[in-house]
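Observations on the three-dimensional arrangement
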Amino acid sequence: MAAPPSNLELRPLGNTGLKVSSVGFGASPLGSVFGPVSEDEAIASVREAFRRGINFFDTSPYYGGTLSEKMLGKGLKALGVPRNEYIVSTKCGRYIEGFDFSAERVTKSIDESLERLQLDYVDILQCHDIEFGSLDQIVNETIPALQKLKEAGKIRFIGITGLPLEIFTYVLDRVPRGAVDVVLSYCHYSINDSTLEDLLPYLKSKGVAVISASPLAMGLLTENGPPEWHPASPELKSACRAAATYCKEKGKSITKLALQYSLSNKDISTVLVGMNSVAQVEENVGAAIELSTFGKDQQTLAKIEAILSPVKNQTWPSGTQKS
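Residues numbered from 1 in each chain as written. Predicted model: local features only at pLDDT ≥ 70, side-chain atom pairs only at ≥ 80, totals over all residues. Heavy atoms only, no water.

Applying the stated criterion across every chain, the model contains 5 aromatic pairs. Judged by centre distance (5.4 Å) and plane angle (40 degrees), the ring pair of Phe25 and Phe57 falls under tilted. With a gap of 32 residues between them, Phe25 in strand E3 (residues 23-26) and Phe57 in strand E4 (residues 56-58) connect regions that are remote in the sequence. Judged by its relative accessible area of 0%, Phe25 is buried. (Phe/Tyr/Trp six-rings, centres within 6.5 Å; stacked < 30°, edge-to-face > 60°. Helix = DSSP H or I, 4+ residues; strand = E, 2+ residues; numbered from the N terminus. Buried < 20%, exposed > 50% of the residue type's maximum accessible area, 1.4 Å probe, protein only.)

Of note, Ser60 is situated in the loop between E4 and helix H2 (67-79). Spatially, the C-alpha atoms of Ser60 and Ser28 are 7.4 Å apart, while their sequence positions differ by 32 residues. Setting aside residues no more than four positions away along its own chain, Ser60 makes contact with Ser68, Glu69, Thr90, Lys91, Arg94 and His128. (Contact = heavy atoms within 4.5 Å.)

On to the state of the cysteines, then. Counted according to the given criterion, the structure contains 0 disulfides. Summary of cysteine pairing: Cys92 is not part of a disulfide, and the nearest cysteine sulfur, belonging to Cys127, is at 4.5 Å. Judged by its relative accessible area of 0%, Cys92 is buried. (Disulfide = S-S within 2.5 Å.)

This part takes up the packing of helix H7 (residues 234-249) against helix H10 (residues 298-308). In a packed pair of helices, the relevant descriptors are the angle between the two axes and the axis-to-axis distance. Put simply, H7 and H10 touch, their axes get as near as 9 Å, and they point 155 degrees apart. Taken together, the axes of H7 and H10 are roughly antiparallel relative to one another. Once H7 is placed against H10, the crossing between them reads as right-handed. Taken together, the residues of H10 that come into contact with H7 (itself represented by Ala239, Cys240, Ala242, Ala243, Tyr246 and Cys247) are Thr300, Lys303, Ile304, Ile307 and Leu308. The residue makeup of the contact of H7 with H10, split by class, is 9 nonpolar, 1 polar and 1 charged. (Axes fitted to C-alpha atoms, helices over the stretch in contact; angles between N-to-C directions. Parallel < 35°, antiparallel > 145°, perpendicular 65-115°, else oblique. Left-handed = near helix turned anticlockwise from the far one by under 90°. Nonpolar A, V, L, I, M, F, W, Y, C, P; charged D, E, K, R; others polar.)

Attention now moves to helix H6 (residues 196-205). Taken together, the buried positions of H6 are Leu196, Leu199, Leu200, Tyr202 and Leu203. Positive backbone phi, approximately 75 degrees, marks Gly207, located one or two places after H6.

What follows deals with the confidence of the model for the chain. For the chain, the average pLDDT comes to 95, and 97% of its residues sit at 70 or higher. Low pLDDT (under 50) marks residues 1-5, which in the prediction has 9 contacts with non-local residues, meaning those over four places away or in another chain. (pLDDT = per-residue confidence, 0-100.)

Within a sheet, adjacent strands bond to each other through the backbone by hydrogen bonds, running parallel or antiparallel. Ordered by their spatial adjacency, 8 strands build a closed barrel running E3-E4-E5-E8-E9-E10-E11-E12, and the pairing between neighbours is parallel. For this sheet, the mean angle separating the axes of adjacent strands, direction not counted, is 30 degrees. Where strand E10 (residues 182-186) meets strand E11 (residues 209-213), 5 bridges bridge the pair, whose relative direction is parallel. Counted as the bridge partner of Ser185 is Ser212 from E11. Strands in contact with helix H4 (residues 135-151) are strand E5 (87-92), strand E8 (122-127) and strand E9 (155-162); relative to E9, the strand with the most contacts, it is inclined by about 155 degrees. (Pairing = 2+ DSSP bridges.)

For the structure on display, the rule yields 18 salt bridges. Here Arg51 makes a salt bridge to Glu48, at a shortest N to O gap of 3.0 Å. One end of the pair, Arg51, and the other, Glu48, are both in helix H1 (residues 39-51), 3 residues apart, so they sit about a helical turn from each other. Overall, Arg51 belongs to the partly exposed group, its relative accessible area being 38%. (Salt bridge = Lys/Arg side-chain N within 4 Å of Asp/Glu carboxyl O.)

What follows covers the pairing of E3. What you see with E3 is no split at all: Val23 and Phe25 on one side and Gly24 and Gly26 on the other are buried throughout. As paired elements, E3 and E4 share 2 bridges and run parallel to each other. Bridged to Gly26 within E4 is Asp58. In this fold, the crossover linking E3 to E4 by way of H1 has right-handed handedness. (Right-handed = clockwise from strand over helix to strand, strands pointing away.)

In this structure, Ala217 takes a positive phi of about 55 degrees despite not being glycine. Relative to the elements of secondary structure, Ala217 occurs in the loop between E11 and H7. On the basis of relative accessibility, which here comes to 1%, the residue Ala217 falls in the buried class. Backbone geometry places Asn313, a non-glycine residue, at a positive phi of 65 degrees.

What follows deals with the pairing of E11. Of all 5 residues in E11, 5 are buried; the element is thus mostly enclosed. On E11, burial covers both faces: Ala209, Ile211 and Ala213 on one face and Val210 and Ser212 on the other are all buried. Once you follow E10 into H6 and on to E11, the crossover reads as right-handed. As paired strands, E11 and strand E12 (residues 270-274) are joined by 3 bridges and run parallel to one another. Considered in E12, the bridge of Ala213 is made with Leu272.

Structure (C-alpha cells):
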C-alpha cells in the first residue's frame with residue numbers, strides 16, 4: 001500500500017536526519033482513552049493517515065494501559081510497507097501502575113513496547129512526563145540507559161516529554177550535547193498559550209527538535225468544550241467557550257483554526273493530534289493542506305485572540321493533566 005502524492009509538508013526533525021509530516025498521528029485515542037475504538041477503526045485510521053501523507057505515529061505504554069501500542073502495532077503492520085517509510089515514537093517511565101524512570105524499568109519497557117508494536121526498533125523513545133520523577137535521575141540514570149538502548153539498535157533517538165517548560169532547560173543544561181534529540185511539549189503552542197515560542201531559540205541552539213502536542217489545549221478549543229476533568233481555570237474555560245461560540249456563529253471551525261495556528265510555526269517539526277477515525281484523519285490533513293494552500297484566516301484568528309487575550313498563556317499546575 002504505497003502512499004499517494006500528498007501536499008502534507010515534511011519537516012526536518014532537528015538533527016536526526018528524519019523528515020516528519022507536519023501533522024503527527026497521536027495514537028492515545030487508539031487505547032480507547034476517549035471512548036471505545038474497535039480494532040477495525042484503529043487499523044482504518046492508521047491506514048488512512050499513512051495514505052494521506054502522515055508518516056509520524058506517537059504512542060505510549062501508558063495510553064489505555066498498553067492498548068494504544070497494541071492497536072497502533074496492528075495498524076502499522078496492516079500498511080504492508082517497508083519499515084523505513086514511517087516513523088514511530090513511544091515512551092517509557094509512565095505506566096498505568098505509576099512512574100518508574102529507573103534504568104532497569106526503562107530497559108525492560110522498550111522490549112515490552114517493541115513486542116506490542118510488532119517492531120524491531122522504534123525511531124524515538126521518550127521519557128514520559130518527567131516532571132513526575134526526579135529530574136536528576138532522568139539526567140544521571142534514565143538518559144544513559146536510553147543511550148545503551150540506542151547502541152543496541154532498539155531505538156534510534158532519545159526524547160523527553162512533559163508539561164512545565166522549565167523541565168526541558170533543567171535536563172538539557174545537564175546532559176552532553178546530542179544526548180537528547182527531541183522534546184515533546186504539549187498545551188504550550190496553541191491560540192490560548194504560546195509560551196513554547198520563547199523556548200524555541202534555546203532548543204534550536206541545543207540542536208534539539210520540537211514536537212508540539214495538544215493544539216486544541218486538551219479540548220478547550222473545540223465546540224464541545226473540554227472534558228470535566230480539565231484543570232483549566234473557570235475564566236480560561238469561559239473565554240475558550242466564548243471563542244468557540246464566535247467561530248460557530250461565523251460558520252468557522254475553532255478546531256481547524258487552532259490546528260492551523262499550531263502548524264504555522266515552521267520551527268516546530270510536527271504537531272501531534274489525537275486521532276481514532278478516518279473522518280478525524282481527513283479533517284486534520286485537510287486543515288493542514290488548506291493552510292499551506294491559502295494561509296491562515298487572519299481575520300477570524302485576530303478576533304479569537306482578542307477574546308482570549310485576558311487569559312493568554314494561563315496554564316495549570318502540573319499533576320492535574322492527562323497526557
